[in-house]
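The residues making up each chain are set out below.
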Amino acid sequence: MLNLVISGAPGCGKGTQSALIIEKYHLIHFSTGELLRTEINLGTPLGIEAGEYINKGNLVPDEMIIDIITNAIHNLCKTCPGIIFDGFPRTVEQAEALEKLMNGLGIPVSAMIELKVPDRDLMNRLLIRGETSGRTDDNLETIKKRLDVFKSKTAPVTDYYSSLDKYHSIDGVGTLDEVFERICDVLDTEML
Ligand code: AMP
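Scoring rules and cut-offs
Residues numbered from 1 in each chain as written. Predicted model: local features only at pLDDT ≥ 70, side-chain atom pairs only at ≥ 80, totals over all residues. Heavy atoms only, no water. Pairing = 2+ DSSP bridges. Helix = DSSP H or I, 4+ residues; strand = E, 2+ residues; numbered from the N terminus. Axes fitted to C-alpha atoms, helices over the stretch in contact; angles between N-to-C directions. Near = heavy atom within 4 Å. Polar contact = N/O pair within 3.5 Å; in protein donor to acceptor, adjacent residues only side chain to side chain. Nonpolar A, V, L, I, M, F, W, Y, C, P; charged D, E, K, R; others polar. Left-handed = near helix turned anticlockwise from the far one by under 90°. Contact = heavy atoms within 4.5 Å. Buried < 20%, exposed > 50% of the residue type's maximum accessible area, 1.4 Å probe, protein only. Salt bridge = Lys/Arg side-chain N within 4 Å of Asp/Glu carboxyl O.

1. Regarding the sheet that holds strand S2 (residues 28-31)
Read from one edge of the open sheet, 5 strands run S2-S3-S1-S4-S5, paired in parallel fashion. With partners counted over all chains shown, the strands left at the sheet margins are S2 and strand S5 (167-171), one partner each. Taken over all neighbouring pairs, the strand axes of this sheet differ in orientation by 20° on average, direction set aside. Relative to strand S3 (residues 83-86), strand S1 (residues 4-7) is paired through 3 bridges, and the arrangement is parallel. Looking at S3, one finds that Ile6 is bridged to Asp86.

Below is the structure:
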């Protein structure tokens, strides 16, 4: 199985690139952001609680996310070609929990890829996306907060995967196809 973690600051293109990766490598998509937005739209207690963090640009607490992931993973098909984790793990605690969970199931995380994009480009991309996304967290104030949270909480996750020899940095600047080609180069090496 090819079990991938795709990471990067908000607006780095991980959602778009995930869609291309899924199509080519037939992976199951796992986006904690999308799972949370579904809960918010359904107005569930979990969604209401999560919404309070999301709308301020904060991370949803680790325990909540780890519970969601643990339940969802057990419902996944273990014989699928693989899973792509998009927007998860976002803290070292989540990464450690995922490692334990996947190793325990005998389907370890194969690699983590991080899309690197300069801050200025991220801001522009997110503000443009905000005009059409309908996402309540795509506004200037929340975007700034999300970028700060990424640097303080999520950037250390790369060190964690480096220490496991699973980390790959990808230049996320360029056309959609150019970035995708860089990702495929890494994945095709990973799958050999
Ligand atoms: P995303 O769609 O991945 O950009 O996520 C949108 C928002 O959902 C984030 O800014 C967080 O508030 C929350 N969120 C998504 N995934 C996680 C996670 N793994 N841990 C904590 N909060 C998360």
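There is more to say, and it comes next.
2. Topic: the site of the ligand
Taken together, 16 residues lie near the ligand, and Thr32, Arg37, Asn58, Arg90 and Gln94 sit nearest. Measuring from an oxygen atom of the ligand, one finds a backbone N or O atom of Asn58 at 2.6 Å. Arg135 is positioned such that a nitrogen or oxygen atom in its side chain is 3.3 Å from an oxygen atom of the ligand. Of the residues forming the shell around the ligand, the biggest block, 4 residues, is contributed by helix H2 (residues 32-42). Tallied by class, residues from the shell around the ligand come to 6 nonpolar, 5 polar and 5 charged.

3. Details of the packing of H2 against helix H3 (residues 45-54)
Contact geometry for H2 and H3: axes closest at 7 Å, N-to-C directions at 120°. Relative to H3, the crossing made by H2 is left-handed. Counted together, Leu36, Glu39 and Ile40 of H2 and Leu46, Gly47, Ala50, Gly51 and Ile54 of H3 form the full contact between these two elements.

4. Notes on the environment of Val173
Within the secondary structure, Val173 sits in the loop between S5 and helix H9 (176-191). With relative accessibility at 33%, the residue Val173 sits in the partly exposed group. For the pair Val173 and Pro61, spaced 112 residues apart in the sequence, the C-alpha separation amounts to 31 Å. Once residues lying within four places of it in the same chain are set aside, the contact partners of Val173 are Lys116, Val117, Pro118, Asp121, Arg125, Val179 and Arg182.

5. Overview of the pattern of salt bridges
For the coordinates displayed, the defined rule picks out 9 salt bridges. For the salt bridge of Glu114 with Lys116, the shortest nitrogen-to-oxygen distance reads 3.8 Å. According to the relative accessible area criterion, Lys116 is partly exposed, its value standing at 43%. For Arg135, the salt bridge goes to Asp137, with nearest N and O atoms at 3.0 Å. Judged by relative accessible area, Arg135 falls into the partly exposed class, the value being 22%. Asp137 sits in the buried class, given a relative accessible area of 7%. One connected set of salt bridges, linked through shared partners, spans Arg129, Arg135, Asp137, Asp138 and Arg146.

Shape is all these values report; function is a separate question.
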